[in-house]
Amino acid sequence: MKCPNCSGTLVFDIKNQNLKCRHCSQTFDVNEYKPSAAADELVFEDARFYTCKSCGAQLISGDDRAVDYCSYCGSEAILESNISGIKNPKYIIPFQITKRKCKEIYKKELKNKIYVPKEFKDPDFIDRFRPFYIPYWMYRISFNSEPFDVKGHKYYTRGGYDYNEEYDIQIAMSERGMEGLPYDASRNFDDSIAEKIAPFQRSGLRKYLPAYLAGMYADSPNVDPEVYREEVLDKATEIAARDLQSNVGSNIHLNLPRNRKLRKMLETSYDGSETIFLPVWFLTWKKNDRVAYAVVNGQTGKIHIDLPADIREFIVYTLIGAAALFVLLSLFVTVTSRFVLWFSALLAYLVGLRYRKELKEIRDRENHVFDKGYLLSDEKELPMSEKKRNRERQKSHLPFFRVSRIIFLSIGIIFVATVFLISGAMYDSLVTQKGAIAMTLMVLILEIFSFIRMLGIGIYLKKKRSLLIFLLGFLAIGYSFWVAVTEPVQDWWYYLGALVCLVASAIMCADMIARYNETSTRPLPSFYERKGGNDHAKEV
């Protein structure tokens, strides 16, 4: 894209939303640039097409500078070729966040983070943020616009009496249907990342012009729109139900059927899709055979960072915390061998809770529970079936499961408090034999429930070692209870039980950090044979 004045290179100026010449600094309105008469709508005018030799990612550059590295795998092996068969998007949301602002958002996000690898804060590394347009499918949905009758009811209280009024209501969907449901159209861009930086504001949508791509990069749309068809229809039906409810007001509740029955009643149908480009700032960190991404929504500034932990910093902070805890206990608590025993068991239980939560997230990522665009021929290699993944996705959005977690947590807190008060009616009982038996029993009961839940997670993990490590924590707590019940005379038995619990806690922490680094980073991607949107390539 050349400057009419000096033939220099034009780039899109995000701050001023116009074209600017790198050489003479002359500015031009984006509408002033017109594609050549020979331009084909199936290609990106004045753009170059690049394929990464390492991972197969296909990148489009609207700049005359060569793409020197791949944003997805960090490789410098890039092959340039002509663009063919890739249709221009219909709409685009131009970048609103400048590179300077993007770097400020990134630095602010990292400001209070601990265990961060030092490379993440290197100014030269941060300067590698690259402006990317990610393709999305924008779906068009239609409904039956004929009026239909539904039941409604209204509950209210007046004069000390409860009333329930029922209504026959006639409602209808708009003839315009619904347009603008966006879903990630890039197999290179993980759906789970796309969701973390969503939403984009429709108010920024513009008709696509080649000028918006000047100086930027773009990913090619390579996920079939049919991938999201069923999910789009369900989502559109859900939105339609909310719209119908809002039209009749908040006082009257419509008795609408749910899920597929409502979809059938509304005759929700798919009318096609258009490609749109959405702006994302992209940064890649690579170490050995792992990569991590930092992405910033180029319109709103919402950020997501794959943040691995620095093992050395973790050890330093852990030792500092352990020393502080030791000093605190020495100053305010009478430390006996019995106290050390049950306190170590409680610590092992708490570490196990965090470990289980981390393993659940690992299970979801290994099985691509929230990566709907993940379509592959070797899907049978995943431990979790698609049916089970769908249930997990549904559970994460259902209020019932969120409320049930709160209820179970509340019951657990009440149980702990009750046992604590019973065993600690007198402070001295917490440091005596009775206190050790009561507290280790309480921890063991809680650990049994935790272990049962862990079994439901462990069967879907690719690496079963974590299940065995969690079992080690369970056995350590069981051993501490056995020590307390047998009431040995020698103190070293109690210290041995405490040591076993602490070793189990340390092993769980070490594996938690190792597994966390596996999931917060990603294997080098491979897109040559893939059919869907996922960047967690299968590990060899």
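Note: the structure precedes this text.
On a predicted model such as this, the values are computed, not experimentally measured, just so you know. (Residues numbered from 1 in each chain as written. Predicted model: local features only at pLDDT ≥ 70, side-chain atom pairs only at ≥ 80, totals over all residues. Heavy atoms only, no water.)

Draft legend 1. Just the nonpolar core, in detail. One finds Tyr 106, Phe 120, Phe 129, Tyr 133, Trp 281 and Ile 305 to be the most contacted residues of the largest nonpolar core, which totals 39 residues. Filtering out sequence-adjacent residues up to four positions away, Phe 120 remains in contact with Tyr 106, Leu 110, Phe 125, Ile 126, Trp 285, Ala 292, Ile 305, Asp 306, Leu 307 and Pro 308. Core analysis: the next-biggest nonpolar cluster, separate from the first, contains 29 residues, Val 150, Met 173, Leu 244 and Ile 252 among them. (Core = buried A, V, L, I, M, F, W, Y, C linked by side-chain atoms within 4.5 Å. Buried < 20%, exposed > 50% of the residue type's maximum accessible area, 1.4 Å probe, protein only. Contact = heavy atoms within 4.5 Å.)

Draft legend 2. Up close: the sheet that holds strand β9 (residues 148-158). Taken together, three strands build an open sheet; the order of strands is β10-β9-β14 and the sheet is antiparallel. Looking at the sheet topology across the chains shown, the edges are occupied by β10 (161-171) and β14 (253-254). (Pairing = 2+ DSSP bridges. Helix = DSSP H or I, 4+ residues; strand = E, 2+ residues; numbered from the N terminus.)

Draft legend 3. A look at the sheet that holds strand β1 (residues 10-13). Strand order in the open sheet formed by three strands is β1-β2-β3, and the pairing between neighbours is antiparallel. At either end of the open sheet lies a strand with only one pairing partner, and these are β1 and β3 (27-28). Pairing between strand β2 (residues 18-21) and β3: two bridges, direction antiparallel. Within β3, the residue paired with Lys 20 across the bridge is Thr 27.

Draft legend 4. Representation of the packing of helix α7 (residues 337-366) against helix α12 (residues 492-520). In the contact formed by α7 and α12, the axes pass within 8 Å of each other and the chain directions differ by 20 degrees. Of the possible angle classes, the one that applies to α7 and α12 is roughly parallel. Between α7 and α12 the crossing geometry is left-handed. Per-class residue counts for the contact of α7 with α12 are 17 nonpolar, seven polar and seven charged. (Axes fitted to C-alpha atoms, helices over the stretch in contact; angles between N-to-C directions. Parallel < 35°, antiparallel > 145°, perpendicular 65-115°, else oblique. Left-handed = near helix turned anticlockwise from the far one by under 90°. Nonpolar A, V, L, I, M, F, W, Y, C, P; charged D, E, K, R; others polar.)

Draft legend 5. Up close: the packing of aromatic side chains. This structure, assessed with the given rule, holds 24 aromatic pairs. Ring geometry for Tyr 106 and Phe 129: centres 5.4 Å apart, planes at 80 degrees, overall edge-to-face. Of this pair, Tyr 106 sits in helix α1 (residues 99-110) while Phe 129 sits in the loop between α2 (123-126) and β8 (130-142), placing them 23 residues apart in sequence. For the pair shown, Tyr 106 and Phe 129 are each scored as buried. A centroid spacing of 5.9 Å and a plane angle of 25 degrees characterise the contact between Tyr 479 and Trp 482, whose relative ring orientation is stacked. With Tyr 479 and Trp 482 both in helix α11 (residues 465-486) and three residues apart, the pair spans about one turn of that helix. Three or more aromatic residues joined by ring pairs form one cluster here, namely Phe 95, Tyr 133, Tyr 208, Phe 277 and Trp 281. In this structure, Arg 130 packs its charged tip against the face of Tyr 217, placed 4.4 Å from the ring centre. (Phe/Tyr/Trp six-rings, centres within 6.5 Å; stacked < 30°, edge-to-face > 60°. Lys NZ or Arg CZ within 6 Å of the ring centre and 35° of its normal.)

Draft legend 6. The side chain of Ser 480, seen in detail. Tracing the backbone shows Ser 480 in helix α11. Among the polar contacts made by the side chain of Ser 480, one reaches the main-chain carbonyl oxygen of Ile 477 at a distance of 2.6 Å. (Polar contact = N/O pair within 3.5 Å; in protein donor to acceptor, adjacent residues only side chain to side chain.)

Draft legend 7. Inspection of α1 at higher detail. Helix length check: α1 (12 residues) gives 17 Å between terminal C-alpha atoms against 16 Å at 1.5 Å per residue, within 8%. Restricting attention to buried positions, one finds in α1 the residues Cys 102, Ile 105, Tyr 106 and Leu 110. Buried residues of α1, viewed axially, fall in a sector of 130 degrees; they line one side. Set apart from the buried face of α1 by more than 90 degrees, the exposed residues are Arg 100 and Lys 108. On its buried face, α1 is in contact with α2, β15 (269-287), β16 (290-297) and β17 (303-305). (Expected span 1.5 Å × (residues − 1). Arc of directions from axis to C-beta.)

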